[in-house]
Amino acid sequence: RSLVVVHFWAPWAPQCAQMNEVMAALAKEHVQVTFVKLEAEAVPEVSEKYGINSVPTFLFFKNSQKVDRLDGAHAPELTKKVQRHASRSSISTSSNDVAKEDIAVRLKKLINAAPCMLFMKGSPKEPRCGFSKQMVEILNKHGISFSSFDIFSDEEVRQGLKTYSNWPTYPQLYVAGELIGGLDIIKELEASGELDTVCPKACKLEDRLKTLINKAPVMLFMKGNKQVAKCGFSKQIIEIMNNTGIDYETFDILENEEVRQGLKTYSNWPTYPQLYVKGELVGGLDIVKELKENGELLAVLKGEN
């Protein structure tokens, strides 16, 4: 019945080593908690089962059930989550107050995670109730850009949001952190013609990809960023790029699934990292390595070749 914290890590990632030190300190403080390290790439079937796309990632288990998750090297957040879950077995008034405060902070972050946030049953591709399906259809029909949260995936959010917003049913739509309402309200706004003025319009994915590719003269789409690479291939290309002395910008494709999948089709290049110079695709790690070995990389990055 005790808490088990599993760290999915990789030996090539320095941020994982740092978080292992944090785990060791937490283990001394919370002797009743079991801490486990799993090398993510050594157990691909487990990593795939739990959707581990980057390292470090932490999963929290109680009674053999996953109760929480943390993606990234966030020592304060890891400490907070361990403390919260470890203390839940000894419920007191003060711990209840802390839990209420934590869920309120979390809900506020979720509501503000995108300019337009839809809390629904299921996902836009697979709605799991008729009301959620109708809501998604209306938003898509009007070309509205929105992100979503599946309230079936988190019971704490599902119950907490009802109280937080004083709205007892789902789906719930938020714009700029403010509750707009449920399906009936959205239908009313659509009928009155106000929906298009209330919700942000989606720009076409192709236009968005063009903008991202041309954001800087040299753009690298990778897993992670300049400071923290989240896969071995991205780490290698960052090291090569840094040695050239050329300025470049990065985009973390793990943070946006739409861009991650869309760019593969747009550029007809199925893997990451992907390097672009002046809006043109250069290629992935193998191409960059070849250019480096041939002595052509610097000229390509300067747009001379």
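Here is what the cut-offs are and how they apply
Residues numbered from 1 in each chain as written. Predicted model: local features only at pLDDT ≥ 70, side-chain atom pairs only at ≥ 80, totals over all residues. Heavy atoms only, no water. Pairing = 2+ DSSP bridges. Helix = DSSP H or I, 4+ residues; strand = E, 2+ residues; numbered from the N terminus. Axes fitted to C-alpha atoms, helices over the stretch in contact; angles between N-to-C directions. Domains from an automatic or database assignment. Buried < 20%, exposed > 50% of the residue type's maximum accessible area, 1.4 Å probe, protein only. Parallel < 35°, antiparallel > 145°, perpendicular 65-115°, else oblique. Left-handed = near helix turned anticlockwise from the far one by under 90°. Contact = heavy atoms within 4.5 Å. Nonpolar A, V, L, I, M, F, W, Y, C, P; charged D, E, K, R; others polar.

Caption draft 1: Region of interest: the sheet that holds strand β4 (residues 65–71). Spatial ordering of the open sheet is given by β2-β1-β3-β4, a layout of 4 strands whose pairing is mixed. Each edge of the open sheet is held by one strand with a lone partner, namely β2 (34–39) and β4. Between one strand and the next, the sheet's axes are offset by a mean angle of 20°, whatever the strand orientation. With 6 bridges joining them, strand β1 (residues 4–9) and β2 adopt parallel strand pairing.

Caption draft 2: Spatial organisation of the domain arrangement of the protein chain. Under the domain assignment used here, the protein chain contains domain 1 (3–87), domain 2 (103–198) and domain 3 (207–302). Taking only C-alpha atoms, the centre of domain 1 and the centre of domain 2 are 30 Å apart.

Caption draft 3: Spatial organisation of the environment of Thr-163. Positionally, Thr-163 belongs in helix α6 (residues 155–165). We classify Thr-163 as exposed; its relative accessible area is 66%. Expressed as a C-alpha distance, the spacing of Thr-163 and Phe-119, which sit 44 residues apart in the sequence, is 14 Å.

Caption draft 4: Inspection of the packing of helix α10 (residues 232–244) against helix α12 (residues 285–294) at higher detail. Contact pair α10 / α12: the axes reach a minimum separation of 10 Å and the direction vectors enclose 30°. Taken as axis vectors, α10 and α12 run roughly parallel relative to one another. For the pair α10 and α12, the sense of crossing is left-handed. Contact with α10, carried on its side by Phe-233, Gln-236, Ile-237 and Ile-240, involves Leu-285, Val-288, Lys-289 and Lys-292 of α12 and no other residues of that element. Of the residues assigned to the contact of α10 with α12, the class counts are 5 nonpolar, 1 polar and 2 charged.

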